[in-house]
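# Descriptive analysis of the structure
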Amino acid sequence: YTVLSALFVALPETVQAQALDRSGGALKGPFFSEVFVFAPLSADVKRLSAGAPVLTNRLEIASQLTYHGVHASIVGGAPQVPQWTAWYGDSLASRNLIVTFDPLTQDPDLGMRITSLCARTSSGPRLRYRFAGTEAAVFYTAWCYR
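Residues numbered from 1 in each chain as written. Predicted model: local features only at pLDDT ≥ 70, side-chain atom pairs only at ≥ 80, totals over all residues. Heavy atoms only, no water.

The next point concerns the side chain of Thr-56. Following the sequence through the fold, Thr-56 ends up in strand β1 (residues 54-56). Looking at Thr-56, its side chain comes within polar contact range of the main-chain oxygen of Val-99, at 2.6 Å. In contact with Thr-56, not counting residues within four places along its chain, are Ile-61, Ala-62, Ser-73, Ile-74, Val-75 and Val-99. (Helix = DSSP H or I, 4+ residues; strand = E, 2+ residues; numbered from the N terminus. Polar contact = N/O pair within 3.5 Å; in protein donor to acceptor, adjacent residues only side chain to side chain. Contact = heavy atoms within 4.5 Å.)

Right, dumping it as structure tokens:
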């Protein structure tokens, strides 16, 4: 499986897309990973935030953004939050960008936490990414004004 996965990733994207298409989606689970979207996501978040602090509720997003040079603070009830905050801090400014896997309205706990941090919020753009000819991930953004 590991060798096949490595070979699949080494194929040109057009060949990967053809293989995914011909398999009727059966290859998407075992040979497809959203990890490839984090470099372009990080570049887009860096541009979009224009230096404003970035918040997220997921370690997966915060760690990938940080790896790609965009510091992100984690908010929410995840067990990683206290340790992440101890390592990286939780800087907030008058304007902050929130990046999530789901809209704020679909996560009541996060919505409540953001409401306690922000005087007001506004929706930002949806960031959509494709890989190997298929939609790989959608991220939701919002602005938090203190």
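Looking now at the pattern of salt bridges. Overall, the coordinates contain three salt bridges when judged by the stated rule. Arg-58 is paired through a salt bridge with Glu-60; the nearest N and O atoms lie 3.0 Å apart. The exposure class of Arg-58 is partly exposed, given its relative accessible area of 32%. Note on Glu-60: relative accessible area 38%, which makes it partly exposed. For the salt bridge of Arg-113 with Asp-109, the shortest nitrogen-to-oxygen distance reads 3.0 Å. Here Asp-109 and Arg-113 lie together in helix α7 (residues 108-117), a separation of four residues that amounts to about one turn. (Salt bridge = Lys/Arg side-chain N within 4 Å of Asp/Glu carboxyl O. Buried < 20%, exposed > 50% of the residue type's maximum accessible area, 1.4 Å probe, protein only.)

This is a description of form; function is not addressed.
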